[in-house]
Amino acid sequence: AQSVTQLDSQVPVFEEAPVELRCNYSSSVSVYLFWYVQYPNQGLQLLLKYLSGSTLVESINGFEAEFNKSQTSFHLRKPSVHISDTAEYFCAVRFPFAGGTSYGKLTFGQGTILTVHP
Amino acid sequence: GAVVSQHPSRVICKSGTSVKIECRSLDFQATTMFWYRQFPKKSLMLMATSNEGSKATYEQGVEKDKFLINHASLTLSTLTVTSAHPEDSSFYICSARHPSYNEQFFGPGTRLTVL
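Residues numbered from 1 in each chain as written. Chains lettered and ligands numbered in written order. Predicted model: local features only at pLDDT ≥ 70, side-chain atom pairs only at ≥ 80, totals over all residues. Heavy atoms only, no water.

(A) Main features of the packing of aromatic side chains. With the rule as written, the count across this model stands at 12 aromatic pairs over all chains. Seen from their ring centres, Phe-63 of chain A and Tyr-89 of chain A are 5.5 Å apart, and the 45° between their planes marks the pair as tilted. Taken as a pair, Phe-63 of chain A in the loop between β7 (56–58) and β8 (64–68) and Tyr-89 of chain A in strand β10 (residues 87–94) lie far apart in primary sequence, 26 residues in all. Given a relative accessible area of 2%, Phe-63 of chain A falls into the buried group. Residue class for Tyr-89 of chain A comes out buried when judged on its relative accessible area of 1%. Ring plane angle 45° and centroid distance 6.4 Å describe the contact between Phe-67 of chain B and Tyr-92 of chain B, whose orientation is recorded as tilted. One end of the pair, Phe-67 of chain B, is in strand β7 (residues 67–73); the other, Tyr-92 of chain B, is in strand β9 (residues 90–98), with 25 residues separating them in the sequence. Here Phe-67 of chain B and Tyr-92 of chain B have matching classes, each one buried. Taken together, the ring pairs connect Phe-34, Tyr-36, Phe-90 and Phe-108 of chain A together with Tyr-36 and Phe-106 of chain B into an aromatic cluster. (Phe/Tyr/Trp six-rings, centres within 6.5 Å; stacked < 30°, edge-to-face > 60°. Helix = DSSP H or I, 4+ residues; strand = E, 2+ residues; numbered from the N terminus. Buried < 20%, exposed > 50% of the residue type's maximum accessible area, 1.4 Å probe, protein only.)

What follows is the structure, given as structure tokens:
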């Protein structure tokens, strides 16, 4: 079984400050890793993902996450946040292998509410 | 891009009635769709995996007779909450797995309120 832990339920920061949202996972096999963002009363939008290759992945709006296999972590970072980054962020994992009832299933962390203050 | 829609976006119903929620992949075909439930200030809980042309696979603890799922075409999956009760009030989100991108695209969600 796999599980995801987001250590911080809420992270308040000031505008233009750096931020890190922590995510740790537990799995006996390799997994794919995702970060999703959810704005109020909306569905989830994919922010970035790690499937293979470079352990540092970036999004188009300045976020980045680094896959650390030894620490089983996939922390999300941004060097300078904006008011518009205020949202809830979810870390998720899924099995990469095709077939079986587990294929495609995402397991989500508890979510971290990022609030950016002016 | 890959777009997934849900209808309705909000629904209010009386206790004991049934409510149907539609999930559509607008510009791609999805053999697999997923239904999630999100409680206030909680994470998403996978309810079931919807497979086109076959029965849905329900997660442990989810009543299949309560939450009926039909995936009759490659672009449409429906979730019917039967005999709804106030405790069924929640935010229901669907996603569709894109065959080319190997990832899920999420719908905007449906807010269900049962009075």
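(B) How the structure looks around the side chain of Thr-78 of chain B. Mapped onto the elements, Thr-78 of chain B comes out in strand β8 (residues 76–81). With near-sequence residues (within four places) excluded, Thr-78 of chain B lies in contact with Lys-20, Ile-21, Glu-22, Trp-35, Leu-68, Ile-69 and Asn-70 of chain B. (Contact = heavy atoms within 4.5 Å.)

(C) Main features of the interface of chain B and chain A. Taken together, the contacts link 22 residues of chain B with 19 residues of chain A. Both sides together, the interface formed by chain B and chain A hides about 1,700 Å², and carbon and sulfur atoms give 49% of it. Of all residues in chain B, the largest losses of buried area upon contact with chain A belong to Asn-102, Glu-103 and Phe-106 of chain B, amounting jointly to 29% of the total for that side. Among the secondary structure elements, those contributing two or more residues to the side of chain B that touches chain A are β4 (32–38), β5 (44–51), β9 and β10 (103–106) of chain B. Looking at side-chain class alone, the side of chain B that touches chain A contains 9 nonpolar, 7 polar and 6 charged residues. (Buried area = accessible area lost by both parts, 1.4 Å probe. Nonpolar A, V, L, I, M, F, W, Y, C, P; charged D, E, K, R; others polar.)

(D) Just the nonpolar core, in detail. Of all hydrophobic cores here, the largest spans 27 residues; its most connected members are Leu-33, Trp-35, Leu-47, Leu-48, Phe-74, Leu-76 and Tyr-89 of chain A. Elements that contribute at least two residues to this core include exactly β2 (10–14), β3 (19–21), β5 (32–38), β6 (44–50), β8, β9 (73–78), β10 and β12 (112–117) of chain A. Counting residues per element, this core draws most heavily on β10 of chain A, at 4 residues. Sequence-distant contacts of Phe-74 of chain A, defined by excluding residues within four places in its chain, comprise Cys-23, Leu-33, Phe-34, Trp-35, Leu-48, Lys-49, Tyr-50, Val-57, Ala-65, Glu-66 and Phe-67 of chain A. Formed by 26 residues, the second largest nonpolar core is a distinct cluster that contains Met-47, Ala-48, Ile-69 and Ala-84 of chain B. (Core = buried A, V, L, I, M, F, W, Y, C linked by side-chain atoms within 4.5 Å.)

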